[in-house]
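Survey of secondary and tertiary structure
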Amino acid sequence: MEIIRIPRIMQDTSRGHLLHSRTLGFVPTMGALHEGHMSLVKMSKQENNITAVSIYINPTQFGPSEDLARYPRQIEEDTVMLRNQDADILFLPEDTLMYPAGFSTEIDVKGLSERMCGHFRPGHFKGVATVVAKLLNIVRPARVYFGQKDFQQTVLIRRMAKDLNLDVEVVVCPTIREEDGLALSSRNAYLNRDQRSAAIVLYRALCEAADAIRSGLRSGAKIRKAMRTRLEKEMQITGIDYASVYHPDTLEDMEDLQGEMLLAGAVRMSGTRLIDNMLVTV
């Protein structure tokens, strides 16, 4: 596995593969890798000649009171996992090269950035869109891979790619879960034993809402109420950012439930924020 730290070298390496007609798949991450990330690497290897993975904890997508300083960092373990998965390239850029002195450009996907998580994390998706655009320009992949757990991010990146005519296919892969249903996340490491046991309530709330819709319930308001009632019964939850049913393209709340819809929620357990979602079609 080739390890590259300088954006210009990453660009030259990608250019070389393109000149030899090799397709390149790309998995952008912030490290603390788990089986969810590995599932993206596996998919990329199936669909491309070369697979590149980036590990970069992007400071511009963290708010002033968020967990940038304590976000899990385990680069040695991550490197071993990627070698075992036969990734071809590991891109490890540094802040000074990603955001050099005088950097003053931002990408704001208006509308989508302010909904769901964006309402509670102002500026977060502006940081996400900007760094993903930079990474795509550096790596130049044919396909980029994301997990469904970060559904809002995937909608936003697809919109950005379409609006800016980026020549990349955005591939969304299924959420990988623990045996009890908890969605894999690097932030799960923050949970203590009691919080970990309680964390599956979000997945269960989504499943119960999905069952209610499949059984004939078509009121968005009633689904929202049922999800919140389920979550509020869990004592380990210290805050509910949102729990609702959304249109999967616009991320707007749905009232009359028909076609495909997104069930999604975000909860807090002390200083840890957990998100999850589920697509339902009727």
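A brief report on the enclosed structure follows. Remember, it's a predicted structure, so these values are computed and weren't measured experimentally. (Residues numbered from 1 in each chain as written. Predicted model: local features only at pLDDT ≥ 70, side-chain atom pairs only at ≥ 80, totals over all residues. Heavy atoms only, no water.)

**Quick notes on the overall build of the chain**
Definition in use: Only DSSP runs of H or I with at least four residues qualify as helices, and only runs of E with at least two residues qualify as strands; both kinds are numbered from the N terminus onward. In this treatment the radius of gyration is a C-alpha quantity, and the globule benchmark scales as 2.2 Å times the residue count to the 0.38 power. Exposure is judged per residue with a 1.4 Å probe applied to protein chains only, and the accessible area is read against the type maximum: over 50% gives exposed, under 20% gives buried, and values in between give partly exposed.
Looking only at helices and strands, the chain features 10 helices and 9 strands. What you see for the chain is a C-alpha radius of gyration of 19 Å, in line with the 19 Å of a compact globule of 282 residues. Its C-alpha atoms give the chain principal-axis dimensions of about 55 × 40 × 40 Å. Counting across all 282 residues of the chain, residues that qualify as buried make up 51%.

**Quick look at the packing of helix 9 (residues 201-214) against helix 10 (residues 220-232)**
For clarity, the cut-off: What counts as an axis is a line fitted to C-alpha atoms, over the stretch in contact for a helix, and the angles between N-to-C directions run from 0 to 180 degrees. In this scheme, roughly parallel covers angles under 35 degrees and roughly antiparallel covers those over 145, while 65 to 115 is roughly perpendicular and the rest are oblique. Helix crossings are classified by the rotation of the near helix relative to the far one: an anticlockwise turn of less than a right angle makes the crossing left-handed, while a clockwise turn makes it right-handed. Residue contacts are defined here by distance: any two heavy atoms, one from each residue, within 4.5 Å place the two residues in contact. Asp, Glu, Lys and Arg are counted as charged, while Ala, Val, Leu, Ile, Met, Phe, Trp, Tyr, Cys and Pro are counted as nonpolar; the rest, among them Gly, fall into the polar class.
As a packed pair, helix 9 and helix 10 sit with axes 9 Å apart at the nearest point and diverge in direction by 150°. With respect to helix 10, the axis of helix 9 lies roughly antiparallel. The chirality of how helix 9 crosses helix 10 is right-handed. The segment helix 9 lies against helix 10, with Val 201, Leu 202, Arg 204, Ala 205, Leu 206, Glu 208, Ala 209, Ala 212 and Ile 213 engaging Ile 223, Met 227, Arg 230 and Leu 231. Among the residues forming the contact of helix 9 with helix 10, the class breakdown is 10 nonpolar, no polar and 3 charged.

**Description of the sheet that holds strand 9 (residues 272-281)**
Spelled out, the test is: We call two strands paired when DSSP finds no fewer than two bridges between them.
Pairing is antiparallel across the open sheet formed by 3 strands, whose spatial order is 7-8-9. Both outer strands of the open sheet, strand 7 (239-246) and strand 9, are each paired with one neighbouring strand and no more. Strand-to-strand twist of the sheet, defined as the mean angle between neighbouring strand axes without regard to direction, takes the value 10°. Alignment of strand 7 against strand 8 (residues 260-269), held across 7 bridges, turns out to be antiparallel.

**Observations concerning the pairing of strand 8**
The buried fraction of strand 8 amounts to 8 of the 10 residues, a majority that puts the element mostly inside the structure. Connecting strand 8 to the antiparallel partner strand 9 that follows it, the hairpin turn spans 2 residues, and Ser 270 within it adopts a positive phi of roughly 55°.

**A word on unusual backbone geometry**
Positive phi outside glycine occurs at Asp 86, with the angle close to 65°. Position of Asp 86 among the secondary structure elements: in the loop between helix 3 (75-84) and strand 4 (89-91). Residue Leu 251 is not a glycine yet carries a positive backbone phi of 65°. With respect to the helices, strands and loops of the structure, Leu 251 is situated in the loop between strand 7 and strand 8. Under the relative-accessibility criterion, Leu 251 is labelled buried at 2%.

**A word on the side chain of Thr 130**
The residue Thr 130 is located in helix 6 (residues 124-139) in this model. The residues contacting Thr 130, other than those within four sequence positions of it, are Phe 103, Thr 105, Glu 106 and Ile 107.

**A closer look at the pattern of salt bridges**
Counted only if it meets this: A carboxyl oxygen of Asp or Glu within 4 Å of a side-chain nitrogen of Lys or Arg is what we treat as a salt bridge.
Per the stated rule, a full pass over the model turns up 17 salt bridges. In this structure, Arg 143 and Glu 169 form a salt bridge, with 3.2 Å as the shortest nitrogen-oxygen distance. Highlighted residues: Arg 143 in strand 5 (residues 143-147) and Glu 169 in strand 6 (residues 169-173), separated in sequence by 26 residues. Its salt-bridge partner being Arg 177, residue Asp 276 comes within 2.7 Å of it at the nearest N-O pair. One end of the pair, Asp 276, is in strand 9; the other, Arg 177, is in the loop between strand 6 and helix 8 (193-198), and 99 residues separate them in sequence. Here the salt bridges do not stand alone but share partners, grouping Arg 224, Asp 253 and Glu 255 into one network.

**Quick notes on the environment of Arg 230**
Among the secondary structure elements, Arg 230 is positioned in helix 10. Each C-alpha atom of the pair Arg 230 and Leu 97 lies 46 Å from the other, and the pair is 133 residues apart in sequence. Excluding residues within four positions of it along the chain, Arg 230 makes contact with Val 201, Arg 204, Ala 205 and Glu 208.

**A few points about the packing of aromatic side chains**
Just so we agree on the cut-off: Classification of ring pairs uses Phe, Tyr and Trp, with its six-membered ring standing for Trp, and accepts pairs whose centres are within 6.5 Å; under 30 degrees between planes counts as stacked, over 60 as edge-to-face, and the remaining range as tilted. Comment: the charge-over-ring label is applied if NZ (Lys) or CZ (Arg) is within 6 Å of the ring centre and within 35 degrees of the ring normal.
For the structure shown, the criterion picks out 4 aromatic pairs. For the ring pair Tyr 99 and Phe 103, a centre distance of 5.0 Å and an interplane angle of 90° mean the geometry is edge-to-face. Linked through ring pairs, Phe 120, Tyr 242 and Tyr 246 together constitute an aromatic cluster. Above the ring of Tyr 190, the side-chain terminus of Arg 70 is found at 3.9 Å from the ring centroid.

**Notes on the environment of Asp 249**
Within the secondary structure, Asp 249 is located in the loop between strand 7 and strand 8. For Asp 249, a relative accessible area of 55% corresponds to the exposed category. In the structure, Asp 249 is positioned 94 residues away from Val 155 in sequence and 6.7 Å away in space, judged by C-alpha atoms. Filtering out sequence-adjacent residues up to four positions away, Asp 249 remains in contact with Leu 112 and Val 155.

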